[in-house]
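One letter stands for each residue in the lines below.
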Amino acid sequence: MLSRIAESLFWIGRYIERSDGTARILDVHLQLLLEDPWIDEDTACRALLSVMGSEAESEEPLGRDDVITLLAVDRKHPASIAHSVAAARENARRAREIVSTELWEALNHTNARMPHRVASDKTHEFFRWVRDRSALAIGVVDSATSRDEAWQFFALGRAIERADMTARLLATRSLTEASGPSWTTILRSCGGYEAYLRSYRGVPSSESAAEFLLLDRLFPRSIISSVIRAEESLREIDPRAGRVGVTDQARRLLGQIRSELEYRPIADILVDLTGHMEHLQGVTSATSEAIRARYFPTSVVPVWIGEVS
Amino acid sequence: MATLFDGYATAGTNRAGRRRRAGRPWDEMFPDGTTDVREPYRELYPALARMSQDELRGRTDALASSYLAQGVTFDFAGEERPFPLDAVPRVISASDWARAEAGVSQRVRALEAFLADVYGPQRAVADGVIPAALISSSTHYHRQAAGIVSANGVRIHVAGIDLIRDEQGDWRVLEDNVRVPSGVSYVISNRRVMAQTLPELFTSMRVRPVGEYPNRLLQALRRSAPEGIEDPTVVVLTPGVHNSAYYEHTLLARLMGVELVEGRDLFCSGGRVWMHTTAGPTRVDVIYRRVDDEFLDPQQFRPDSVLGAPGLMLAARLGHVTIANAVGNGVADDKLVYTYVPDLIRYYLGEEPVLPNVDTWRLEEPDALAEVLDRLDELVVKPVDGSGGKGLVIGPDASKAELDELRTRLLADPRGWIAQPVVQLSTIPTLVEDGLRPRHADLRPFAVNDGDEVWVLPGGLTRVALPEGRLVVNSSQGGGSKDTWVLESRPLPGFDTGGLPVLAEAVAPGHRSAGALVADQASPNTQPATGLHGVQGTPIVPAAASLPGETRTASPVTSSPQDEDAPIRQQQQQQQQQQSVGRVGSEANVSRPGPEVNADGSRYAPGGRYSTDPEEGASC
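Residues numbered from 1 in each chain as written. Chains lettered and ligands numbered in written order. Predicted model: local features only at pLDDT ≥ 70, side-chain atom pairs only at ≥ 80, totals over all residues.

> It is not clear to me how the overall build of chain B should be interpreted in this structure. Could you clarify?
On a plain count of helices and strands, chain B comes out with 20 helices and 24 strands. Relative to its 620 residues, chain B shows a buried fraction of 53%. A separation threshold of at least 6 residues defines the contact pool for chain B, and within that pool the share at least 24 residues apart is 74%. (Helix = DSSP H or I, 4+ residues; strand = E, 2+ residues; numbered from the N terminus. Buried ≥ 20, exposed ≤ 12 C-beta atoms within 10 Å, placed from the backbone. Contact = placed C-beta atoms within 7 Å.)

In structure tokens, the structure reads:
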């Protein structure tokens, strides 16, 4: 298939997953601000922004509303939900002849209904709506797309973004040290609390919760299963297996991080959770870059200067 | 029977005596002043007359909403409108059509010979049939195209020859479009939606199907592939989503089952053309391009074009890729060349022209210029390089100031204009606010040349001017369209449907096959794109070094690469209004200031190449 189309599908997957992940992280964090009256709002908000890969421009103290404006509805902010939704739609429009009508409608509708501001008593509802819309888009693709190359690129984008988003979610745990979101809240936010309780049958401990989100091969939102999913897609896209090791740079990176996670004692990771999560984010973006270099080559647009005669 | 056609005849009579000196227009349904019905409409008329006006209006709304849902739309002043389709079809009898078909085919063969000659030995010039200056002064004559010949010699893979019926009901050729004629997608989708919405009209007639067009086109494209390639890769090259004919490009690519590519998907290397795919570069053998000549190859034409691929012309010259239609065909569209076409038919083919031209004055000839200047208020004056009504002045409708201005322009550039008498285009009953009223219409049949034979799609696109008395039929100027039915000559079932024989056999009696044949043609999965966003480049923050403590910033979010040259791309895409049926949206694309674009960090665009507001354009 055309590289341009494949790239669009890859990014539709990433953007849908990103809007979902961002909504979950914001939801947890903003609830926490409300629940904990001793927390320093400004520090917490700056920490949240930095976890999402951006920084506040002004020195003014930041509040909840600023965070919502920046990360939820600001269309120009590259980490915001509104931007992700618009970018997913834009990518779908460029691949209109490949993307199914239902998916197109779902993305188009979400984009059209995206509010410009969210009242502070409506934030939870808003985040829930974003999650619902992402689930709808993903469900539409899941239920009625042939498992061909197009689907693999979509799934690949999703898996990589999901690993990245879970890493960011975990990183919020250690942001404000003592007062970071509790493991219960984090597990709830990614819809894994019940699954976690069933797996561990006990009082949540930070170790088992981190283990669950990082290393549980059966829970689809854990980092390890996202990485495995991404590797599967890459294998499907190029099933040739040579005799010597792995030659695909993207698969190499994913394999390395997977081994690192699998074979490192969980206690080691918890010592510097933030550091490890940052490393993981670095790996996901390097992987994304490797995929781009291999499957979506773009020649630099040449500019021709006419002769002046 | 009374209600639907009430006032039709009187409306015709009232109009007849009005300002124009020319005779009254030929009405395709009713012979002059009677309520009698012409032969082709004999079966359609009772079916229509059974309906009340409200019912017909309801069906028309259904047609429109079906188009809106499928995305068969065009932009009108920033608002998305369904492509206008009138519920009353135009019916052409088998014998009438045979003449038009023969004429169109003959014309394409002659133009094909003419183009081969112009970009080759130029015998016609040497023999004095056509002046050399005329060719070299044509806007669309490209020296770069000289010597480029496709493997089977075809230059006009697709042609759209605009026909009209004059006051006597005879076909005449109005203009030739052999560059990038568009509108065929509307023929296919009009038939499909008519069969769904007004099935009872089809019941008693044998209408020749139009669904085989994509097969014919694909065959013609494959046969023009460079020699020695067994299974050629065919692609459709589109300017992009902002082009008003984008719907047509997607439809054709889908129905032919080939890739729809943009210029940036292609690159040239080693004298061949390749497209970027996930499996690496794939060679492209035939490009059905819907991009204008000037934008195809920045090495040869406009250096600022972002829609083509540098090196295309070289690859074509080396014979490694076929560009369809060939570059430089525009010289045959020149309206001054048009006046020579009857001579060209006699010269190249040794035949008499089947279809006459509309009488035309060549303003380069001093006598003609003098006569035209004298009678400017009763003639139609057209620029030679425009198509479909662009820059056209209708003398009787023009104000004195306009005529004075026109006079100076004609004197300054007689080569740039031609003049014709006002031809009363034939009229067809069309549903307007007052009910069914006569409205002027023309016809664009489409011809496909596969090298052995010129095949003419039965029917073509009928365009109607909706305002009363108006003679310009473009959509951007309030034009509509009609489904065009060519009746089958042989009255027995089991007629030859050309392509798709299996389907035709399965549903033998003609009228039913019409619906079945088109039912699966255009799948309705094109949705209206409501509103656009300026494509935004997003800043990529360089990976921050790990800072101590709480303020360290995690990896920045990455973004999908966006079109760093979005504004220029969009602008050029919209410029490709080439020979489109309606130039839909060309005037309607009102640019609005879009959101500020934060472009300075875009991955491939160093240093904020466009910090200005790109325009948020209207969609296709």
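Picking up where we left off.
> Would you take a moment to explain the overall build of chain A for this structure?
Check the secondary structure of chain A and you find 14 helices and zero strands. Sequence-ordered secondary structure for chain A, helices as α and strands as β, is α-α-α-α-α-α-α-α-α-α-α-α-α-α. Taken over the C-alpha trace, chain A has a radius of gyration of 20 Å; the compact-globule value for 309 residues is 19 Å, and the two agree within 12%. With respect to the three principal axes, the spread of C-alpha positions in chain A is 70 × 50 × 45 Å. Burial analysis of chain A (309 residues in total) assigns 48% to the buried set. Considering only contacts in chain A between residues 6 or more positions apart, those separated by 24 or more positions represent 70%. (Rg over C-alpha atoms; globule rule 2.2 N^0.38 Å.)

> What is the right way to read the nonpolar core from this model?
As a rule of thumb, soluble globular proteins bury nonpolar side chains together. Counting residues in hydrophobic clusters, the biggest one holds 239 residues, and the most contacted among them are Leu9 and Leu71 of chain A together with Val273, Ile287, Leu312, Ala419 and Ala447 of chain B. A total of 14 residues in this core trace back to one element, the largest contributor, which is helix α1 (residues 3–35) of chain A. (Core = buried A, V, L, I, M, F, W, Y, C linked by C-beta atoms within 7 Å.)

> Looking at this structure, how should I read unusual backbone geometry?
Across the chain, the bulk of peptide bonds are trans and the bulk of non-glycine residues have phi less than zero. Omega for the peptide link from alanine 324 of chain B to asparagine 325 of chain B comes to -10°, which places this bond in the cis form. Assignment of secondary structure puts asparagine 325 of chain B in the loop between β12 (322–324) and α13 (330–333).

> How do you make sense of the sheet that holds strand β6 (residues 234–237) of chain B when you look at a structure like this?
Within a sheet, each strand pairs with its neighbour through backbone hydrogen bonds, oriented either parallel or antiparallel. Residue and element names in this part refer to chain B. Taken in spatial order, the four strands of this open sheet run β7-β6-β11-β12, and their pairing is parallel. The sheet is open, and its two borders are formed by β7 (259–261) and β12, each paired with just one other strand. If you compare each strand with its neighbour and ignore which way they point, the axes differ by 30° on average. Two strands pair when backbone bridges link them, and strand β11 (residues 286–289) and β12 are joined in this way by three bridges, in the parallel orientation. (Pairing = 2+ DSSP bridges. Axes fitted to C-alpha atoms, helices over the stretch in contact; angles between N-to-C directions.)

> What's the story with the pairing of strand β19 (residues 446–449) of chain B in this structure? I'm lost.
Sheet faces and side chains relate simply in a regular strand, where the side chains alternate between the two faces. All names here are of chain B. Here β19 shows no split at all, with Phe446 and Val448 on one side and Ala447 and Asn449 on the other all buried. Two strands pair when backbone bridges link them, and strand β4 (residues 158–165) and β19 are joined in this way by three bridges, in the antiparallel orientation. Bridging across to β19, valine 158 finds its partner in valine 448. Sheet analysis places β19 next to strand β20 (residues 454–456), joined by three bridges and oriented antiparallel.

> Can you help me understand the confidence of the model for chain B in this one?
If pLDDT is low for a region, its predicted coordinates should not be looked at in detail. Residues and elements named next belong to chain B. Across chain B, the average pLDDT comes to 77, with 76% of residues at or above 70. Confidence, read as mean pLDDT per element, is least for strand β24 (residues 615–616) in chain B (33) and greatest for β19 (96). Contacts for the low-pLDDT stretch residues 12–21, under 50 throughout, to residues beyond four places or in other chains number 10 contacts. When the criterion is pLDDT under 50, residues 582–620 qualifies, and its contacts beyond four places in sequence or with other chains add up to 110 contacts. Listed scores for the predicted complex are pTM 0.76 and ipTM 0.71. (pLDDT = per-residue confidence, 0-100.)

> What's the story with the sheet that holds strand β10 (residues 280–284) of chain B in this structure? I'm lost.
Residue and element names in this part refer to chain B. Reading across the sheet, the three strands line up as β8-β9-β10 and stay open at both edges, with antiparallel pairing between neighbours. Sheet topology places β8 (266–269) and β10 at the edges, where each strand pairs with a single neighbour. Going from strand to strand, the sheet's axes swing by 45° on average, the running direction of each strand aside.

> Help me understand the environment of asparagine 215 of chain B, please; the structure alone is not making it clear to me.
Residues and elements named next belong to chain B. With respect to the secondary-structure elements, asparagine 215 resides in helix α9 (residues 213–223). Residue asparagine 215 is classed as partly exposed on the basis of its 15 C-beta neighbours within 10 Å. Residues asparagine 215 and proline 458 lie 243 residues apart in sequence; the distance between their C-alpha atoms is 14 Å.

> Can you help me understand the environment of phenylalanine 153 of chain A in this one?
Residue and element names in this part refer to chain A. Mapped onto the elements of the fold, phenylalanine 153 is located in helix α7 (residues 149–173). Taking C-alpha positions, phenylalanine 153 is 36 Å from proline 204, a pair spaced 51 residues apart along the chain. The residues contacting phenylalanine 153, other than those within four sequence positions of it, are Ala6, Leu9 and Phe10.

> Explain the confidence of the model for chain A to me, please; I cannot follow it from the model alone.
On average, residues of chain A carry a pLDDT of 86, and 94% of them reach 70 or more. In the model of chain A, helix α8 (residues 183–189) of chain A stands out as the element of lowest mean pLDDT, 80, in contrast to helix α11 (residues 223–237) of chain A, which has the highest, 94.

> Is there a simple way to think about the packing of α7 of chain A against α11 of chain A in this case?
To describe two helices that pack against each other, one gives the angle between their axes and the distance between the axes. All names here are of chain A. It is at 8 Å that the axes of α7 and α11 come closest, and there the two elements cross at 155°. Between α7 and α11, the crossing angle belongs to the class labelled roughly antiparallel. The two elements α7 and α11 meet at a crossing, and its hand is left-handed. Contact residues: α7 offers Glu149, Gln152, Ala155, Leu156, Ala159, Ile160, Arg162, Ala163, Thr166 and Ala167, while α11 offers Ile223, Ser226, Val227, Arg229, Ala230, Ser233, Leu234, Glu236 and Ile237. For the contact of α7 with α11, the per-class residue count stands at 11 nonpolar, four polar and four charged. (Parallel < 35°, antiparallel > 145°, perpendicular 65-115°, else oblique. Left-handed = near helix turned anticlockwise from the far one by under 90°. Nonpolar A, V, L, I, M, F, W, Y, C, P; charged D, E, K, R; others polar.)

> Explanation requested: the environment of isoleucine 25 of chain A in the structure shown.
All names here are of chain A. Tracing the backbone through its elements, the reader meets isoleucine 25 in helix α1. Each C-alpha atom, one on isoleucine 25 and one on leucine 48, is 8.8 Å from the other, the two residues being 23 residues apart in sequence. Isoleucine 25 has contacts with Arg168, Leu169 and Thr172, leaving out every residue within four places of it along the chain.

> I would appreciate a short explanation of the pairing of strand β18 (residues 435–444) of chain B in the present structure.
Residues and elements named next belong to chain B. Among the 10 residues of β18, nine are classified as buried, and the element is accordingly described as predominantly covered. Summarising the sheet, strand β17 (residues 427–432) and β18 pair through six bridges and their orientation is antiparallel. Looking at the pairing, proline 429 lines up with proline 438 of β18. In this structure, the hairpin formed by β17 and β18 is closed by a connection of two residues.

> In this structure, what is going on with the packing of helix α4 (residues 81–94) of chain A against helix α5 (residues 101–113) of chain A? I would like to understand it.
Residue and element names in this part refer to chain A. Following both chains from N to C, one finds α4 and α5 inclined at 145°, their axes separated by 9 Å at the closest point. Crossing hand, α4 versus α5: left-handed. On α5, the residues that touch Val85, Ala86, Ala88, Arg89 and Ala92 of α4 are Leu103, Trp104, Leu107, Asn108, Thr110 and Asn111. Class assignment of the residues belonging to the contact of α4 with α5 gives a composition of seven nonpolar, three polar and one charged.

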